[in-house]
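Listed here are the chains, written in short residue letters.
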Amino acid sequence: MVGRRRGSRANNGPHRPQLQCSGGPRKTLREPALFAKKTGYESEVPHEKMTIAQAKRGTPAIRPVRVYADGIFDLFHSGHARALMQAKNLFPNTHLIVGVCSDELTHKYKGYTVMTESERYEALIHCRYVDEVVRDAPWTLSPDFLKKHKIDFVAHDDIPYTSAGSEDVYKHIKEAGMFVATQRTDGISTSDLITRIVRDYDLYVRRNLQRGYTARDLNVSFIREKKIRLQNQVDRMKETVKTVEEKSKHFVFKVEEKSHDLIQKWEEKSREFIGNFLELFGPDGAWHVIQEQSGRMLQALSPYASPVASPRGSPSSSPTRGRSPSPPSSPTSPSSRSPRSPRSPRSPRSPHSSPTSPSSRKGASAYPLTFLGDDE
């Protein structure tokens, strides 16, 4: 059965009129599908048997093709919804009837369900592809059931469904030419969902305990509850430590990034400083040029130094400015010679007297002093 193996939730779709078992149209998809009457389908329009070819060509609006799909539909999921969508779109004018087996039949032939039959009924009437829901549907379809609900075709995947001592519960439907195959959806089923829950049982127990469920609600012992709660605290501490580590790593990364930028900027500034220093104070720098120019200016502006006294009997060796000796007088003119005064005895030098005083320089020159008036 289609619904006995697959499932999903359905959403409300666009507005579209549909026919119901009560004979009235389904005005919008904002309303859930109706439940089938226990007495079956009643209509004033005669219900004549048709072939698949006639159904594919299309039928009048007052005579839709009544397609039946049955199943368990536990934990209604996308696999269920896809199967019902295919059944709904088999023919241009389809009225989809879905049969849902009761808890009693399901527990007897297949096993325990997660959802109760009432919950499964409610899930089906809110599927957008469903027009009518048959509660407490039979496990094996009988001719009387098909006639009661005026079923034209039965939709299911074509894999033989072995159950209730039969190799294929749809064998007689296939032989009667009333079977229409649909495709199964891989990767999703009610059994798969239950397997996930069982595999991660401890995780879901801890999850529900955190959400306020008691140990009695979850059917766990007192010791196990305390163990799980302790494990939850340990996990929270680990998560806190992990968060702190991530924040600290982020902080260290930012510090390293900023320090790298600072070092890079410092290197650039240091190179610039060294270059400026060498440019200013280097051998060919501006500082030496300034010093050289300032020295030349000081030398040009400063006065010449006075001549230094020479030893007795030697001419002055001053490199600055010296007196050129007067040309010697002619030996023939006696008047050109001046009478030389007798040399006076040399007085002892005072310890306080300066060696460069005029008195100490008298008579030190090797050349006689001449006056401008002597030549006259």
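Residues numbered from 1 in each chain as written. Predicted model: local features only at pLDDT ≥ 70, side-chain atom pairs only at ≥ 80, totals over all residues. Heavy atoms only, no water.

**Q** How would you explain the confidence of the model for the protein chain if you had to name every residue and give the values?
**A** Within the protein chain, residue pLDDT values average 77, and 71% of them lie at 70 or more. A low-confidence stretch, residues 329-339 stays under pLDDT 50, and its non-local contacts, those more than four residues away or across chains, total two contacts. Below pLDDT 50 for its whole length, residues 350-367 participates in seven contacts with residues either more than four positions away or in separate chains. (pLDDT = per-residue confidence, 0-100. Contact = heavy atoms within 4.5 Å.)

**Q** If you had to explain the pairing of strand 5 (residues 94-100) to someone new, which residues and values would you point to?
**A** Most of strand 5 is tucked away, with seven of its seven residues classed as buried. Here strand 5 shows two buried faces, one formed by T94, L96, V98 and V100 and the other by H95, I97 and G99. Here seven bridges tie strand 4 (residues 65-71) to strand 5, and the two strands are oriented parallel to one another. Each bridged residue has a counterpart across the sheet, and for Y68 the counterpart in strand 5 is I97. Taking the sense of rotation as the criterion, the β-α-β connection linking strand 4, helix 2 (residues 78-88) and strand 5 turns out right-handed. The pairing of strand 5 with strand 6 (residues 132-135) spans four bridges and is parallel. Bridging across to strand 6, I97 finds its partner in E132. (Buried < 20%, exposed > 50% of the residue type's maximum accessible area, 1.4 Å probe, protein only. Helix = DSSP H or I, 4+ residues; strand = E, 2+ residues; numbered from the N terminus. Pairing = 2+ DSSP bridges. Right-handed = clockwise from strand over helix to strand, strands pointing away.)

**Q** Could you give an account of the environment of N89, with specific residues and numbers?
**A** Relative to the helices and strands, N89 resides in the loop between helix 2 and strand 5. Between the C-alpha atom of N89 and that of Y129, which follows or precedes it by 40 residues, the distance is 9.0 Å. Among the polar contacts made by the side chain of N89, one reaches the main-chain carbonyl oxygen of M85 at a distance of 2.9 Å. (Polar contact = N/O pair within 3.5 Å; in protein donor to acceptor, adjacent residues only side chain to side chain.)

**Q** So what's going on with the packing of aromatic side chains? Which residues, and what values?
**A** According to the stated counting rule, one finds five aromatic pairs in the structure shown. A ring pair is formed by F91 and F153, whose centres lie 5.3 Å apart and whose planes are at 35°; its orientation type is tilted. Residue F91 is found in the loop between helix 2 and strand 5, and its partner F153 is found in strand 7 (residues 153-157); the two are separated by 62 residues along the sequence. Given a relative accessible area of 1%, F153 falls into the buried group. For the cation-ring pair, R135 lies above F35, with the distance from its terminal atom to the ring centre recorded as 4.2 Å. Taking NZ or CZ as reference, K174 lies 5.0 Å from the ring centre of F179, over its face. (Phe/Tyr/Trp six-rings, centres within 6.5 Å; stacked < 30°, edge-to-face > 60°. Lys NZ or Arg CZ within 6 Å of the ring centre and 35° of its normal.)

**Q** Before we move on, could you go through the nonpolar core and cite the residues and values that matter?
**A** Core analysis: the largest hydrophobic core is formed by 26 residues, its most contacted members being F76, L84, L96, V98, L124 and V130. No other element matches helix 4 (residues 117-125), which puts four residues into this core. Ignoring any residue separated from it by four or fewer positions in sequence, one finds L96 in contact with V67, A69, L84, A87, K88, Y129, V130, D131 and E132. (Core = buried A, V, L, I, M, F, W, Y, C linked by side-chain atoms within 4.5 Å.)

**Q** Could you give an account of unusual backbone geometry, with specific residues and numbers?
**A** A positive phi angle, close to 60°, is found at F73, a residue other than glycine. Mapped onto the elements of the fold, F73 is located in the loop between strand 4 and helix 2. A residue is classified by how much of its surface remains accessible, and F73, at 0% relative accessible area, is buried.

**Q** I'd love a proper account of the sheet that holds strand 6, names of residues and values included.
**A** Pairing is parallel in the open sheet, where six strands are placed in the order 3-6-5-4-7-8. Because the sheet does not close on itself, it has two edges, and the strands there are strand 3 (34-35) and strand 8 (179-182). Pairing analysis gives two bridges linking strand 4 to strand 7, with the strands arranged parallel. Within strand 7, the position partnered with V67 by the bridge is F153. Those strands touched by helix 2 are strand 4, strand 5, strand 7 and strand 8, and its axis lies near 145° from that of strand 5. (Axes fitted to C-alpha atoms, helices over the stretch in contact; angles between N-to-C directions.)

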